Amino acid sequence: MIIDKLYEKVQSKGNSCVGLDTDISYIPKGLMSLHANFEDAIFEYNRRIIDATLDVTSCYKLQIAYYEAYGIKGLMAYKRTLEYIKSKGAVSIGDIKRGDISKTAEMYAKAHFEGDFETDFITLSPYMGMDSIEPYLPYMKEKNKGVFVLLRTSNPGAKDIQYIQTQSGGRVYDEVGDMIASMGKQVMGECGYSAIGAVVGCTHAEEGEKIRSRFSDTFFLIPGYGAQGGKGDDVKVYLKDGNGGVVNSSRGILLAYKGKEDGERRFDEYAREEVVRMNMDLRG
């Protein structure tokens, strides 16, 4: 199962997830000048980051909005990057945050689990109900795919809905997590985690131990580290024996070269150094 592959990557390479949320403004001017169009420039930037970090990161996450913003050429860079990640035997996460029901969800599943935008995992929003997640199950069962469902996010507005108290005395995110865990029993990996994971922001560490304990079979995609303010100690409570989650960092890795001597020429080397530092912070 794909969750077993991700679990093994974490065991051997660390918890870091390289977020390829590539804005054109991040690309060094020297690299940009070598390419006639930004599709090639974005892909080449991504390719060099991937090559430099392949042996020290568990997976790569692409936020599709950064590519959609540049139209067809941007989406071509998205496609080519996903294909390159696959060719290297690495794990990819398409951060698409879809959330719809019935045939629409089936079409989203088809769009991102096969064809031009095929990826190993995608992110989903459950707030239309769990029938918005069910259409993805055939791909998880038959095509070795996985999903990360929004549970408790790291943005300030998370409290607007996710923290509303329910009749049972818990929070909305508790109820959502229980439903995710229940559905996840259908696609359990040998590693003890489900192919239905959850997105859990690390910027509310005081709740981390409770969340990790309550959803013990759920693998976490953990945003909020680095540029969003999360620290290594904030993240560790969401892990279990050093595994059970991958920790995303985007700007912290992609822009690690800024302000460094010869940084623009060696941006990929500085990205690698940041991933190595991040792994040590998370495992230390």
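Refer to the structure printed above.
The rules behind each value
Residues numbered from 1 in each chain as written. Predicted model: local features only at pLDDT ≥ 70, side-chain atom pairs only at ≥ 80, totals over all residues. Heavy atoms only, no water. Helix = DSSP H or I, 4+ residues; strand = E, 2+ residues; numbered from the N terminus. Polar contact = N/O pair within 3.5 Å; in protein donor to acceptor, adjacent residues only side chain to side chain. Contact = heavy atoms within 4.5 Å. Phe/Tyr/Trp six-rings, centres within 6.5 Å; stacked < 30°, edge-to-face > 60°. Buried < 20%, exposed > 50% of the residue type's maximum accessible area, 1.4 Å probe, protein only. Lys NZ or Arg CZ within 6 Å of the ring centre and 35° of its normal. Axes fitted to C-alpha atoms, helices over the stretch in contact; angles between N-to-C directions. Parallel < 35°, antiparallel > 145°, perpendicular 65-115°, else oblique. Left-handed = near helix turned anticlockwise from the far one by under 90°. Nonpolar A, V, L, I, M, F, W, Y, C, P; charged D, E, K, R; others polar. Pairing = 2+ DSSP bridges.

1. Things to note about the side chain of T123
Checked against the element boundaries, T123 lands in strand β4 (residues 121-124). A distance of 2.7 Å separates the side chain of T123 from the side chain of D95, its partner in a polar contact. At 3.0 Å, the side chain of T123 forms a polar contact with the backbone nitrogen of I96. For T123, the residues in contact, after removing those within four places along its chain, are I93, G94, D95, I96, K97, R98, F148, V199 and L221.

2. Comments concerning the packing of aromatic side chains
Counted under the stated rule, the structure contains 13 aromatic pairs. Both rings, one in Y163 and one in Y173, keep their centres 5.4 Å apart while their planes meet at 65°; by these two values the pair is edge-to-face. You can see Y163 sitting in the loop between α8 (158-161) and α9 (172-184) and its partner Y173 sitting in helix α9, a full 10 residues away along the chain. For the pair formed by Y163 and Y173, the shared burial category is buried. Clustering of aromatic rings is evident, with ring pairs tying together Y7, F121, F148, Y193 and F219. Here the basic side chain of R212 rests over the ring of F220, its NZ or CZ set 4.0 Å away from the ring centre.

3. Points about the packing of helix α3 (residues 38-53) against helix α5 (residues 71-87)
How two helices sit against one another is set out by the angle between their axes and by the gap between those axes. It is the contact of α3 with α5, at a shortest axis distance of 8 Å, that shows an interaxial angle of 25°. Classed by the angle they form, the pair α3 and α5 counts as roughly parallel. Once α3 is placed against α5, the crossing between them reads as right-handed. Where α3 approaches α5, its residues F38, E39, D40, I42, F43, N46, R47, I50 and D51 are matched on the opposing element by K73, G74, M76, A77, R80, T81, Y84 and I85. Among the residues forming the contact of α3 with α5, the class breakdown is 8 nonpolar, 3 polar and 6 charged.

4. Focus: the sheet that holds strand β1 (residues 16-19)
Taken in spatial order, the 8 strands of this closed barrel run β1-β2-β3-β4-β5-β6-β7-β8, and their pairing is parallel. Across the sheet, the axes of successive neighbouring strands diverge by a mean angle of 30°, strand direction being ignored. Two strands pair when backbone bridges link them, and strand β2 (residues 59-63) and strand β3 (residues 92-98) are joined in this way by 4 bridges, in the parallel orientation. For L62, the partnering residue across the bridge sits in β3 and is G94. Across the sheet, α5 lies against β2 and β3, angled at about 170° from β2, the strand it touches most.

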